[in-house]
Amino acid sequence: MKVLHVYRTYFPDPPGGLQEAIRQICLSVQPFGIENTIFTLSPTPDPAELIRPEARVVRQRSWAAPASCDLGGVAAFGRFRRLAAEADVIHYLFPWPFGDLLHRAAPPGKPAVLTYISDIVRQQWIGKLYSPLMWKTLHDMRAIVANAPAYAQTSPVLSNPAIRDRVRVVPLGIDERSCAQCGDEAILGRLQLAEGESFFLFVGVLRYYKGLHNLVQAAGSVGAKIVIAGSGPEGRSLHSLVASVGARNVIFAGQVSDEEKTALIRCCRALVLPSHLRSEAFGMVLVEAAMLGKPMISCEIGTGTSFVNADGETGCVVEPDKPAALADAMNHLLADDVLTTRLGVAARARYERLFSGEALGREYAALFREVGNG
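Caption draft 1: View of the environment of Trp135. Structurally, Trp135 can be placed in helix α4 (residues 124-140). Considered as a pair, Trp135 and Val272 are 137 residues apart in the sequence and their alpha carbons are 35 Å apart. Excluding its chain neighbours within four sequence positions, the residues that come into contact with Trp135 are Val157, Asn160 and Ile163.

Caption draft 2: Up close: the packing of aromatic side chains. Going through the model one piece at a time under the given rule, you end up with twelve aromatic pairs. Measuring from centroid to centroid gives 6.4 Å for Tyr7 and Trp96, while their planes differ by 70 degrees, and the two rings are edge-to-face. With Tyr7 in the loop between β1 (2-6) and α1 (17-29) and Trp96 in the loop between β6 (89-94) and α3 (97-103), this residue pair connects regions lying 89 residues apart in the sequence. The class of Tyr7 is buried, set by a relative accessible area of 8%. Of the residues examined, Trp96 reaches a relative accessible area of 2% and is grouped as buried. Ring centres 5.6 Å apart and planes at 45 degrees place the aromatic pair Tyr364 and Phe368 in the tilted group. With Tyr364 and Phe368 both in helix α14 (residues 357-372), this residue pair falls four residues apart, about one helical turn. Here Tyr364 falls in the buried class, since its relative accessible area comes to 0%. Accessibility expressed as a relative area gives 0% for Phe368, which makes it buried. Taken together through their ring pairs, the aromatic side chains of Tyr7, Phe77, Trp96 and Phe98 make up a single cluster.

Caption draft 3: A look at the packing of helix α7 (residues 212-219) against helix α12 (residues 323-335). The contact between α7 and α12 brings their axes to 8 Å, and the two run at 60 degrees. α12 is crossed by α7, and the crossing has right-handed handedness. Residues Asn214, Leu215, Gln217 and Ala218 of α7 pack against Pro323, Leu326, Ala327 and Met330 of α12. The residue inventory of the contact of α7 with α12, partitioned by class, reads six nonpolar, two polar and no charged.

Procedures and definitions
- Residues numbered from 1 in each chain as written.
- Predicted model: local features only at pLDDT ≥ 70, side-chain atom pairs only at ≥ 80, totals over all residues.
- Heavy atoms only, no water.
- Helix = DSSP H or I, 4+ residues; strand = E, 2+ residues; numbered from the N terminus.
- Contact = heavy atoms within 4.5 Å.
- Phe/Tyr/Trp six-rings, centres within 6.5 Å; stacked < 30°, edge-to-face > 60°.
- Buried < 20%, exposed > 50% of the residue type's maximum accessible area, 1.4 Å probe, protein only.
- Axes fitted to C-alpha atoms, helices over the stretch in contact; angles between N-to-C directions.
- Left-handed = near helix turned anticlockwise from the far one by under 90°.
- Nonpolar A, V, L, I, M, F, W, Y, C, P; charged D, E, K, R; others polar.

These figures come from the coordinates and say nothing about function on their own.
Here's what the structure looks like:
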């Protein structure tokens, strides 16, 4: 079966959690007989086609990206229409308003499924303008995937009676074989972390909804170093905040390689994802931590983060926008070796049960076949 996946950006352009989610879906469904093509936009689409282990990637030029909504030209519609004609099923990743426009160019009656990653949280004015087109697209879908039960229940869109009967819950996941198996522990020396030293870790793009200002403000009350690995639009303001509050135990690692990331997760006391807004719909880095048997600290924001990190089972879930709560959770894990080990073992078991590559591939492949067979 041929599946065409459609999203605004993809590797090798700057990475993010959603691109990794698409890669993992493609890799995981391959053993179940699914052939993948990814259609995307890029500011530098040269070459126009890439053959990667997970899929053929077909790229058209992104001419602008207002409010993180990449826009293509007329040529994108023609290329998409030809790819859609070749596919048995089209798989859209939401939200991407230009993707809704592309959908209008698909052959009539072409089976389609949509993975609903996130509500439109910040760009409310775009949401109002986009709403009629969004609902038309959603009504065209044979199935709509939510990645966690809480998101399906709390999203005002997914819980709408008009589409609720088409919503399925399929958790995102990671095929362990696709990840760096050997960590580059040289990064520990570069960050001046002593062998065996306990530290807490954030890994991800430095975006507004990650709640990193709360993590920095919590740092002064934590008896260990806190490593922030990644780059992004909030980087400069976070450096300024660290200086202004005197958080000397915060270390900025910058962008790290997959091998360095593996080493950091394996060696950290726990992974911290302080996201405080619903724009953090799932948190793929939590799955990575669970895969490597690490406890997690996250915030209760009514999304998939509290599905991956089950409070009291795999880590701590605290109230958002509360630096003191983050600090308390970190210090609690810092003081209790037995608890930290138990949570890490449970995190690995939960990964194997719900978020492994086999679980992800089995569920999505079955859904694609169901949609494709009408």
